[in-house]
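Commentary on secondary and tertiary structure
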Amino acid sequence: MEIHSLPLHRIHDLLESRKLGALEIVSAFLERISAIDPKLNSYLAAFSEKAVEQARLFDSGALDYAASPIAGTPIAIKDVICMKGALTTCASRILAGFVSPYDATVTAKLRKAGAIFIGKTNLDEFAMGSSTENSAFLKTRNPWDTERVPGGSSGGSAAAVAAGLCAGALGTDTGGSIRQPSSFCGVVGLKPTYGRVSRFGLVAFASSLDQIGPITRDVEDAAILLQAIAGYDPADSTSVDLPVPDYRAALDHSLQGLRLGIPRQYFIEGTDPEVDRAVREAIDTCRGLGAKIVDITLPHTEYGIAAYYIIAPAEASSNLARYDGVKYGHRAQNSPDLMEMYRKSRSEGFGSEVKRRIMLGTYVLSAGYFDAYYKKASQVRTLIKRDFLDAFEKCDAILAPVSPVPAFKIGEKSDPLQMYLSDVFTLPASLAGIPGISVPCGFTSQNLPIGLQILGPHFREEMVLRVAHQFEQATDFHLRTPRFMI
Ligand code: GLN
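Okay, so let's go over this structure. (Residues numbered from 1 in each chain as written. Predicted model: local features only at pLDDT ≥ 70, side-chain atom pairs only at ≥ 80, totals over all residues. Heavy atoms only, no water.)

Things to note about the overall build of the protein
- If you tally the helices and strands in the protein, you get 16 helices and 11 strands.
- Computed over the C-alpha atoms, the radius of gyration of the protein is 21 Å, within 12% of the 23 Å expected from 2.2 N^0.38 for a compact globule of 486 residues.
- Along the first, second and third principal axes, the C-alpha atoms of the protein reach 65 × 55 × 45 Å.
- Here the protein, with 486 residues, has 62% of them falling under the buried criterion.
- Considering only residue pairs separated by 6 or more positions, the protein has 76% of its internal contacts joining residues 24 or more positions apart.
- A total of about 18100 Å² of accessible surface is found on the protein, and carbon and sulfur atoms cover 53% of it.
- Of the charged side chains in the protein, 50 are positive and 53 negative; the average position of the first set lies 3 Å away from that of the second. (Helix = DSSP H or I, 4+ residues; strand = E, 2+ residues; numbered from the N terminus. Rg over C-alpha atoms; globule rule 2.2 N^0.38 Å. Buried < 20%, exposed > 50% of the residue type's maximum accessible area, 1.4 Å probe, protein only. Contact = heavy atoms within 4.5 Å. Areas by Shrake-Rupley, 256 points an atom, 1.4 Å probe, with all protein chains shown as cover. Lys, Arg positive; Asp, Glu negative; His and termini not counted. Charge placed at Lys NZ, Arg CZ, Asp CG, Glu CD.)

Here it is as structure tokens:
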């Protein structure tokens, strides 16, 4: 097998056993990025010189592979996460040229663990979208079919992992942005519990929902990367001070006797029949592995989209108020006064989806409308969370589709509402704050990947990873690579 199609843990094994040097590996990935990425646009920036410099430190023995299971492996970071000295654009013109003066906690943790940062990946502007088409700079293409979107908003990270342009990546998930692109690109993506991973240094979109998580080639890699970034951080008041279990150790426990819940609201008309079939077959596979399949109900599922598309824009409108052209980022020229400078800077700097969210969010928070919209949506959110808490009385984890459709064509969903509706199966878990993973579970007749979503109770990532790993090891979907890879 070629280096680029190996999972991160295998690359680390090769490094540690001195079968390959870090420079050899980093150069192989960098060459691939220059050869292939112009067709995919998964990266906004590649860090060729710095990555090579760091690889040399490993080869010379100044840095040690034994430092961690990711030491010496090339990792890509979604460009909404701060990295000291590197551009952090959020794929927005308003932040074009902004160099982050500090590391996000996750970046600092990966740096300490010896990761080699290979580049920053493309996304929907400020992570708002489901296709990466909202990036102000590039349209990322799906490696399985370059006429199609990679999903979003972490489309750059998912496409880079799928195309073998990094060993693993970080994405962020506010309403599905790790799980959905992972399912569209045939890779593994884990959204941790809200509070499990520090968001210090993550540019905020919707603060009560945002989480950072891994996008990887297999489940073991997801466990390894999560281990490296999880844990309490005094710099993020929403991070939770709970012990972090050994995620890798949990993977090998069988599914024997585990109760897996099938929520009837996730098997509905409107889902692509090939997606529905693949997920049902995945359920049968889990049954065959000894799991007990139980029917469950999540009765408020249908209100997820409405609640999310009130809460997320409301928080975004507040978070994005800081981009005023004064402190950093784009500033409009030749403004006659301060108000005009604010207005012009924001009009020029933000793209249309971001403007739509700011307007929606401002509206639902305004006096007179707050109770009818934001407060109501928050109450619905509580009901959705309770649905999950009740369900987890009856089951240990939940199986469902990630997205009702496989990767769609670039430009196909021009109506924002159509785009929002495609988030139907990922939003409820985000609103509830529970962990969820997407793991490859099949392909359509057009050879497009399909993802199985596995959801678990709060802070039970090890349960989600275990079910995903057991399913993955019983199937071979994760071993297929896009034709593009060859
Ligand atoms: N697609 C959803 C949105 O547009 C979720 C995005 C995300 O998780 N960052 O808001």
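On we go.
Here's the deal with helix H1 (residues 8–16)
- All of the buried residues along H1 are Leu8, His9, Ile11, His12 and Leu15. One face of H1 carries all of its buried residues, which in axial projection span an arc of 155°.
- Structurally, H1 contributes buried residues whose contacts are with helix H2 (22–40), strand E2 (74–78), strand E4 (168–173), helix H7 (219–229) and helix H8 (247–250).
- Immediately beyond the C-terminal end of H1, within one or two residues, lies Arg18, with a positive phi of roughly 60°. (Arc of directions from axis to C-beta.)

Describing the packing of aromatic side chains
- Counting across every chain of the model gives 18 aromatic pairs.
- Both rings, one in Tyr308 and one in Tyr309, keep their centres 4.7 Å apart while their planes meet at 80°; by these two values the pair is edge-to-face.
- Among the aromatic residues, ring-to-ring pairing joins Phe98, Phe126, Tyr323, Tyr328 and Phe350 into one connected group.
- Over the ring of Phe408 we find Lys413, and its NZ or CZ is 4.9 Å from the ring centre. (Phe/Tyr/Trp six-rings, centres within 6.5 Å; stacked < 30°, edge-to-face > 60°. Lys NZ or Arg CZ within 6 Å of the ring centre and 35° of its normal.)

Observations concerning the site of the ligand
- In the region of the ligand, 15 residues are neighbours, and Thr174, Gly175, Ser177, Tyr308 and Arg357 sit closest.
- The side chain of Asp423 places a nitrogen or oxygen atom 2.8 Å from a nitrogen atom of the ligand.
- Residues belonging to the shell around the ligand are distributed by class as follows: five nonpolar, seven polar and three charged. (Near = heavy atom within 4 Å. Polar contact = N/O pair within 3.5 Å; in protein donor to acceptor, adjacent residues only side chain to side chain. Nonpolar A, V, L, I, M, F, W, Y, C, P; charged D, E, K, R; others polar.)

Some points on the packing of H7 against helix H16 (residues 461–474)
- In the contact formed by H7 and H16, the axes pass within 9 Å of each other and the chain directions differ by 160°. Classified by the interaxial angle, the pair formed by H7 and H16 is roughly antiparallel. Classified by chirality, the crossing of H16 by H7 is left-handed. Taken together, the residues of H16 that come into contact with H7 (itself represented by Val219, Glu220, Ala222, Ala223 and Leu226) are Glu461, Leu465, Ala468, His469 and Glu472.
- Class assignment of the residues belonging to the contact of H7 with H16 gives a composition of six nonpolar, one polar and three charged. (Axes fitted to C-alpha atoms, helices over the stretch in contact; angles between N-to-C directions. Parallel < 35°, antiparallel > 145°, perpendicular 65-115°, else oblique. Left-handed = near helix turned anticlockwise from the far one by under 90°.)

Topic: the pairing of strand E7 (residues 259–263)
- Burial runs high along E7: four of the five residues are buried.
- Alignment of E7 against strand E8 (residues 292–296), held across five bridges, turns out to be parallel. Within E8, the position partnered with Arg259 by the bridge is Lys292.
- Assessed by its sense of winding, the connection that carries the chain from E7 through helix H9 (residues 273–288) to E8 is right-handed.
- For E7 and strand E9 (residues 397–401), the ladder comprises two bridges, and the chain directions are parallel. The partner of Gly261 across the bridge, within E9, is Ile398. (Pairing = 2+ DSSP bridges. Right-handed = clockwise from strand over helix to strand, strands pointing away.)

Points about the pattern of salt bridges
- One pass over the structure, following the stated rule, counts 16 salt bridges.
- For Arg179, the salt bridge is made with Asp173, and the minimal N-O distance between the two is 3.0 Å.
- According to the relative accessible area criterion, Asp173 is buried, its value standing at 0%.
- Measuring nitrogen to oxygen at the nearest pair gives 3.5 Å for the salt bridge that ties Glu461 to Arg196. In this pair, Glu461 is assigned in helix H16 and Arg196 in the loop between strand E5 (188–191) and strand E6 (211–216), connecting sequence segments 265 residues apart. Comparing Glu461 with Arg196, the two get one shared label, buried.
- What you see here is one network of salt bridges that share partners, running through Glu353, Arg356 and Arg357. (Salt bridge = Lys/Arg side-chain N within 4 Å of Asp/Glu carboxyl O.)

Examining a nonpolar patch on the surface
- Residues Tyr363, Tyr369 and Tyr373 make up a contiguous nonpolar surface patch of roughly 280 Å² in combined accessible area.
- Looking at where Tyr363 falls in the secondary structure, it is placed in helix H12 (residues 352–365). (Patch = residues over 30% accessible without salt bridge, like charges linked within 9 Å, V, L, I, M, F, W, Y side chains within 5 Å.)

A few points about the side chain of Glu133
- Mapped onto the elements of the fold, Glu133 is located in the loop between strand E3 (116–121) and helix H5 (155–162).
- Buried Glu133, no salt bridge; nearest opposite-charge side chain is Lys139, N-O distance 5.7 Å.
- A distance of 2.6 Å separates a polar atom in the side chain of Glu133 from the backbone nitrogen of Gly411.
- Once residues lying within four places of it in the same chain are set aside, the contact partners of Glu133 are Asp124, Lys139, Val149, Phe408, Ile410, Gly411 and Met419.

Structural notes on unusual backbone geometry
- That bond from Gly152 to Ser153 is cis: its omega, 10°, falls within 30 degrees of zero.
- Along the chain, Ser153 falls in the loop between E3 and H5.
- Located in the positive-phi region is Cys90, a residue other than glycine, with phi close to 55°.
- Here Cys90 shows up in the loop between E2 and helix H4 (105–112).

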